[in-house]
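# Reading the structure
Read off the chains here:
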Amino acid sequence: MLITEEKRSALHGKDLITTQDWNREELDQVLAVASELQRNRYDNRWSRSLLNRTFFMFFYNPSVRTRQSFECAATELSGHAQFLEPKAMRLKTANTAGETIEDAARVMSRYACGIGIRILEDQIGYYGAGDELLREYARWSEVPIVSMAHDKYHPCQGLADIMGIQNHMGDPKGKTLLLYWGHGALARSWCSVQEALLLYPRYGMNVVLAHPEGYDLDPAVVAASRQYAKENGASFQISHDPVECFADVDLVYARNWMSPQAYRNGELQKSEEIQKALAHSEWICDAAKLKRGNDPFFIHPMPVDRGHEVTDEIASGPKSLIIDVAECRLHVQKALLALTMGN
Amino acid sequence: MLITEEKRSALHGKDLITTQDWNREELDQVLAVASELQRNRYDNRWSRSLLNRTFFMFFYNPSVRTRQSFECAATELSGHAQFLEPKAMRLKTANTAGETIEDAARVMSRYACGIGIRILEDQIGYYGAGDELLREYARWSEVPIVSMAHDKYHPCQGLADIMGIQNHMGDPKGKTLLLYWGHGALARSWCSVQEALLLYPRYGMNVVLAHPEGYDLDPAVVAASRQYAKENGASFQISHDPVECFADVDLVYARNWMSPQAYRNGELQKSEEIQKALAHSEWICDAAKLKRGNDPFFIHPMPVDRGHEVTDEIASGPKSLIIDVAECRLHVQKALLALTMGN
Amino acid sequence: MLITEEKRSALHGKDLITTQDWNREELDQVLAVASELQRNRYDNRWSRSLLNRTFFMFFYNPSVRTRQSFECAATELSGHAQFLEPKAMRLKTANTAGETIEDAARVMSRYACGIGIRILEDQIGYYGAGDELLREYARWSEVPIVSMAHDKYHPCQGLADIMGIQNHMGDPKGKTLLLYWGHGALARSWCSVQEALLLYPRYGMNVVLAHPEGYDLDPAVVAASRQYAKENGASFQISHDPVECFADVDLVYARNWMSPQAYRNGELQKSEEIQKALAHSEWICDAAKLKRGNDPFFIHPMPVDRGHEVTDEIASGPKSLIIDVAECRLHVQKALLALTMGN
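It should be emphasised that the depicted structure is a prediction, and the values quoted were computed from it without experimental measurement.

Calculation notes
- Residues numbered from 1 in each chain as written.
- Chains lettered and ligands numbered in written order.
- Predicted model: local features only at pLDDT ≥ 70, side-chain atom pairs only at ≥ 80, totals over all residues.
- Helix = DSSP H or I, 4+ residues; strand = E, 2+ residues; numbered from the N terminus.
- Rg over C-alpha atoms; globule rule 2.2 N^0.38 Å.
- Buried ≥ 20, exposed ≤ 12 C-beta atoms within 10 Å, placed from the backbone.
- Contact = placed C-beta atoms within 7 Å.
- Nonpolar A, V, L, I, M, F, W, Y, C, P; charged D, E, K, R; others polar.
- Pairing = 2+ DSSP bridges.
- Axes fitted to C-alpha atoms, helices over the stretch in contact; angles between N-to-C directions.
- Domains from an automatic or database assignment.
- Least-squares fit on C-alpha atoms with pLDDT ≥ 70 in both.
- Core = buried A, V, L, I, M, F, W, Y, C linked by C-beta atoms within 7 Å.
- Right-handed = clockwise from strand over helix to strand, strands pointing away.
- Expected span 1.5 Å × (residues − 1).
- Left-handed = near helix turned anticlockwise from the far one by under 90°.
- Parallel < 35°, antiparallel > 145°, perpendicular 65-115°, else oblique.
- pLDDT = per-residue confidence, 0-100.

## Considering the overall build of chain A
- A tally of regular secondary structure across chain A gives 12 helices and 11 strands.
- Expected size for 343 residues packed as a compact globule is a radius of gyration near 20 Å; at 20 Å, chain A falls within 12% of this value.
- Projected onto the principal axes, the alpha-carbon positions of chain A cover approximately 55 × 50 × 35 Å.
- Counting over 343 residues, chain A shows a buried share of 57%.
- The long-range fraction of contacts in chain A, counting pairs at least 24 apart against all pairs at least 6 apart in sequence, stands at 81%.

Here you go:
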């Protein structure tokens, strides 16, 4: 599909806090440009779209993939991603004097062509506070705000997933996803799995959401996912059986996440969550369980907690998409920066 | 004014530790280029002046605006600002073995086209030690040293102030500045206010310096400011009245700063200074006081300590220049890097 | 020597973990390009060889020169060196869940054109563990791995040394190196001195290795150095006399290093090493001792521990190569990145 100049301008200036805020046509435009950039990584028509421009990366939480891929993305578009840690920013909080988000966002808008923000569970006092913070930045900023993962969503991971899936499975419509809770020692975020749960059924995938009792995801997210499935002629079901849920699936996404009881008294109870999760040792994606599926692909946002979420054999196996999907982070983010912030 | 090649070379290689070291013509040259860059931010005749060049940013203290604006400035000139924290540099100190400034500066000169340094009160043992450190770097460096704020001065803030003032007030000659001590919870630096006090009267502004008893600024700075006012046909006065001082002023600069007693036994007594400052709650810039002036503009180097130094109503109000002045940091710094370090 | 396209491709994709893994022709090719880049630093045929490309710099340990020079090198080749601290990477260790090197290296290969790694003694549990880590990265990475100094070797320092020596001494064949243990308060790495010991005799230099009893270097390195000397018609001797060893030498490399007893129970005993080293106060390179040599040059990888390893008079004196060699770091690293990673 040829992306015309008119369509480019439609996305210019647009925030991306979750893929839910964008329609299918807009998402497909990002994916189309990302594919073009994957085929021709350097020296393409977007190569100079951030020339002399700065993209601010705000890391309330440290990051592996996200920092590497966003900073590379800006470089490959001839721009520069500036790595910022808000702890150096003396921002105002409930307990300390400091700068307001109004002031920070208004000034940053004068310097940068866009602002990425990452804030995860352990930097906030309750579920949803990270999403509120991003929307507060978006309120004051004159340039696009992009989530680089926050407590509720991780839109760039969702887009990379879809790109990787399309590359390996073709059109995923009618294929079945198993979104599988893996046990583990890391007490992981909800953002990637919630983004997947919301996005995949929009591409027509049937959803099997499997987790132990007590590990429900955000009810609003689950309801929206169910609704997306319905609208797209797909099925939606929830399972609490760590083995049977693999029946007839085409794609397994195995990942740990915390329970809804993770916060108590305004603090994340991380070690308690880890202890609780490790008890469910039957919840691991392994070769024996995968035999119940249709020779399914394996997907994961990385870093993988090998031996807990999934066995080494599967994570490094021939059906694993993890490295290719991680590569897609670069392409979708380049497309996103070029389309929403490029000159 | 057309900046000729001859004038460019006159600034090439020049340190900027305080605007006091530069004459008016030199400062005006920076401001003229900065205006040109504001009108045409990208794709101008300076766009490639740092191509493949590195500007080192040395942050003994963390920073918000300064880091963002310098790093953007280098990017917009096609160069790269390298973010360095001297704590990783194993420099020699009174108590530890390590590298001398001679060695550090001589090698850095071989790598970079210029070096910016930021060192504030809490990283030194007495007032003036930061200025000495910058001058020691300048002694050994073969490339320009730029202050990115140090204990005594903040020349880039001063230049951004003047640019913002000229943009909004035209020629400020004959207009009256109120440099006003605001109470606050941050025990702030002297550098920005001292740079303002020294620079604004050189542009012909009358000065009213207002603060509680016991908050005198560096006597040498005050004397120089008074002298500059005299030379430029402007008035200079000091007030200890938090309300009357607003009479007939055209511009209010409200900012907290520490007392001359801030150091004791070679250490900054920050919490003591905060406690002492918070007692002066009548020292806040608010709408009622501003009514005594000539519908004055409000200026501040940011981050603003809202509710202490100034009310929200004024800081976010129609006469507030804070965001525009913060933007000017980018333009004056681009001009400075291009003129002193550009190829 | 004209570097033909065929020779360029011979180095493309090659790891550099120690100069021992490369033959003389390959090393000379890097040095030839480095000289070309020194004569014409900007706007040369390599200026765009990393255009839009990212070089990852992994600092398990902080760094002065290495970070500055690698980041400048990438900038001068139109690329970007991304500064990464593995502590933010949640890598798997013996005691914690996290990402495997397999996963980290495979994904980084998709983003970057090359990966530099620095890991020194205090980040590992035994001598050699750093070298093993680099080789594990090299096993999984699809792009070149470069040592930015690790426990055993420091190839870029070695190459910069040779370049500086050739610039000042011409062909060093037949000249005599004194590699001299200096006492000091920093308990320094073996990597730079071991790289020198292995590399200089390949360029035909006679070697005098001088240190107090109990400060033997890695026996395999000493044996290899002795063998290289033999193959290149040079002599090799070991001395424990802090004064006599200076007789007739042409070049003095004075540097502290730790004893082979530095590790105990899997931990580096740094303060114990410092205490032990400081007792050998006669081991310092000074003017009196240098009089025994042939008006020798002085070389050191910096940062210099002045007053311990060497006197100020010599470190800042007319025969000191330290600043020029530090500059050569930039040139050899540019050549290395261009030849192994450039497009």
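## Points about the interface of chain C and chain B
- Opposite the 26 residues of chain C that make contact, chain B presents 18 residues.
- Taken together, the elements giving at least two residues each to the side of chain C that touches chain B come down to helix H3 (65-76) and helix H12 (322-341) of chain C.
- When residues in the side of chain C that touches chain B are grouped by element, the largest group, seven residues, is from H3(C).
- Residue composition of the side of chain C that touches chain B, by class: 12 nonpolar, eight polar and six charged.

## Observations concerning the sheet that holds strand S11 (residues 297-299) of chain A
Residue and element names in this part refer to chain A.
- Pairing in this open sheet of five strands is parallel, and the strands run S7-S6-S5-S8-S11 from one edge to the other. Each edge of the sheet is formed by a strand with only one pairing partner; in this case those strands are strand S7 (236-239) and S11. The average undirected angle you get between the axes of adjacent strands in this sheet is 20°.
- Judged from the five bridges that link them, strand S5 (residues 176-181) and strand S8 (residues 251-255) form a sheet pairing that is parallel.

## Digging into the interface of chain C and chain A
- Contact residues are listed per partner, giving 18 residues for chain C and 25 residues for chain A.
- Elements supplying a minimum of two residues to the side of chain C that touches chain A: strand S2 (80-84) and helix H4 (101-111) of chain C.
- Ranked by residues supplied to the side of chain C that touches chain A, first place goes to H4(C) with six residues.
- In terms of residue class, the side of chain C that touches chain A is made up of seven nonpolar, six polar and five charged.

## Focus: the domain arrangement of chain A
All names here are of chain A.
- Here the domain parsing of chain A yields domain 1 (5-154 + 326-341) and domain 2 (171-321).
- Taking the mean C-alpha position of each, domain 1 and domain 2 sit 26 Å from one another.
- In terms of residue class, the side of domain 1 that touches domain 2 is built from seven nonpolar, six polar and six charged.

## A closer look at the pairing of strand S4 (residues 145-150) of chain C
All names here are of chain C.
- The buried count for S4 comes to six of six residues, which makes it a mostly enclosed element.
- As judged from the four bridges shared by strand S3 (residues 114-119) and S4, these two strands associate in the parallel manner. Each residue of the ladder has a partner; that of Ile115, found in S4, is Ile145.

## Considerations on the relation of the copies chain C and chain B
- The two copies are related by a screw operation: chain C maps onto chain B through 120° of rotation and 0.0 Å of translation along the axis, at an RMSD of 0.0 Å. Taken together, the rotation and translation relating the two chain copies correspond to the operation of a three-fold axis. Of the C-alpha atoms belonging to chain C, the one lying closest to the rotation axis is found on His80(C), 5.0 Å away.

## Looking at the nonpolar core
- If you look at the biggest cluster of nonpolar residues, it comprises 342 residues, and the most contacted ones within it are Leu178(A), Leu179(A), Leu178(B), Leu179(B), Leu178(C) and Leu179(C).
- If we skip the residues at most four places from it in the chain, Leu179(C) touches Val193(C), Ala196(C), Leu197(C), Val207(C), Leu209(C), Ala210(C) and Tyr253(C).

## Examining the pairing of strand S6 (residues 206-210) of chain A
Residue and element names in this part refer to chain A.
- Among the five residues in S6, five count as buried, and that is most of the element.
- Of the two faces of S6, the one lined by Asn206, Val208 and Ala210 and the one lined by Val207 and Leu209 are each fully buried.
- Here S5 runs beside S6; their pairing, made up of five bridges, is parallel. Looking at S6, one finds that Thr176 is bridged to Asn206.
- Read from S5 through helix H7 (residues 191-199) to S6, the crossover connection turns out right-handed.
- As judged from the four bridges shared by S6 and S7, these two strands associate in the parallel manner. In the sheet register, Leu209 faces S7, and the bridge partner there is Ile238.
- What joins S6 to S7 is helix H8 (residues 219-231), and the crossover it makes is right-handed.

## Focus: unusual backbone geometry
Residue and element names in this part refer to chain A.
- Between Met302 and the following residue, Pro303, the backbone shows a cis peptide bond with an omega angle of -5°.
- Relative to the elements of secondary structure, Pro303 occurs in the loop between S11 and helix H11 (312-315).
- Phi angles above zero are rare outside glycine, and Asp295 is one such case at about 45°.
- Accessibility expressed as a C-beta count within 10 Å gives 9 for Asp295, which makes it exposed.

## Focus on H12(C)
- Between its first and last C-alpha, H12(C) extends 28 Å over 20 residues, near the 28 Å set by a 1.5 Å rise per residue.
- With 18 of 20 residues buried, H12(C) lies mostly within the body of the structure.

## Observations regarding the sheet that holds strand S8 (residues 251-255) of chain B
Residue and element names in this part refer to chain B.
- Taken in spatial order, the five strands make up an open sheet running S7-S6-S5-S8-S11, and their pairing is parallel. Each edge of the open sheet is held by one strand with a lone partner, namely strand S7 (236-239) and strand S11 (297-299). On average, each strand axis in the sheet is tilted by 20° relative to the strand beside it, whichever way the strands run.

## Describing the environment of Asp131(A)
Residue and element names in this part refer to chain A.
- As for its placement among the helices and strands, Asp131 is situated in helix H5 (residues 129-140).
- Counting along the chain gives 137 residues from Asp131 to Leu268, while the straight-line C-alpha distance between them is 16 Å.
- Excluding residues within four positions of it along the chain, Asp131 makes contact with His150, Asp151 and Lys152.

## Some points on the packing of helix H6 (residues 155-169) of chain C against H12(C)
All names here are of chain C.
- Where H6 meets H12, the axes come as close as 8 Å, and the angle between the chain directions of the two elements is 120°. Remark: the crossing between H6 and H12 carries right-handed chirality. Of the residues in H12, those touching H6 at Cys156, Leu159, Ala160, Asp161, Met163, Gly164, Asn167 and His168 are Asp324, Val325, Cys328, Arg329, His331, Val332, Gln333 and Leu336.
- Per-class residue counts for the contact of H6 with H12 are eight nonpolar, five polar and three charged.

## With respect to the packing of helix H4 (residues 101-111) of chain B against H3(C)
- Packing of H4(B) against H3(C) leaves a shortest axis separation of 10 Å and a crossing angle of 15°. The angle between H4(B) and H3(C) places the two elements in the roughly parallel class. Helix-helix and strand crossings are classified by hand; for H4(B) and H3(C) the assignment is right-handed. Residues Val107(B), Met108(B) and Tyr111(B) of H4(B) touch H3(C), and the partners they reach there are Arg65(C), Gln68(C), Ser69(C) and Cys72(C).
- Taken together, the residues of the contact of H4(B) with H3(C) sort by class into four nonpolar, two polar and one charged.

## Digging into helix H4 (residues 101-111) of chain A
- Where burial is concerned, most of H4(A) is hidden: eight out of the 11 residues are buried.
- Those residues of H4(A) lying buried are Glu102(A), Asp103(A), Ala104(A), Ala105(A), Val107(A), Met108(A), Ser109(A) and Tyr111(A).
- The elements touched by buried residues of H4(A) are strand S1 (54-59), strand S3 (114-119) and H5 of chain A together with helix H3 (65-76) and helix H12 (322-341) of chain B.

## Some words on the environment of Lys230(B)
Residues and elements named next belong to chain B.
- Along the chain, Lys230 falls in helix H8 (residues 219-231).
- For Lys230, a count of 12 C-beta atoms within 10 Å translates into the label exposed.
- Between the C-alpha atoms of Lys230 and Pro201, which are 29 residues apart in sequence, the distance is 8.5 Å.

## Considering the environment of Cys328(B)
Residues and elements named next belong to chain B.
- Here Cys328 shows up in helix H12.
- For the pair Cys328 and Gln157, spaced 171 residues apart in the sequence, the C-alpha separation amounts to 8.8 Å.
- Contacts of Cys328, omitting those with residues within four sequence positions, involve Ala160, Met163 and Gly164.

## Some remarks on the confidence of the model for chain A
All names here are of chain A.
- Scored by pLDDT, chain A has a mean of 94; 94% of the residues are at 70 or more.
- Low pLDDT, under 50, characterises residues 1-8; the predicted model gives this stretch seven contacts beyond four residues in sequence or across chains.
- Overall fold confidence (pTM) sits at 0.95, and the ipTM for the predicted complex is 0.94.

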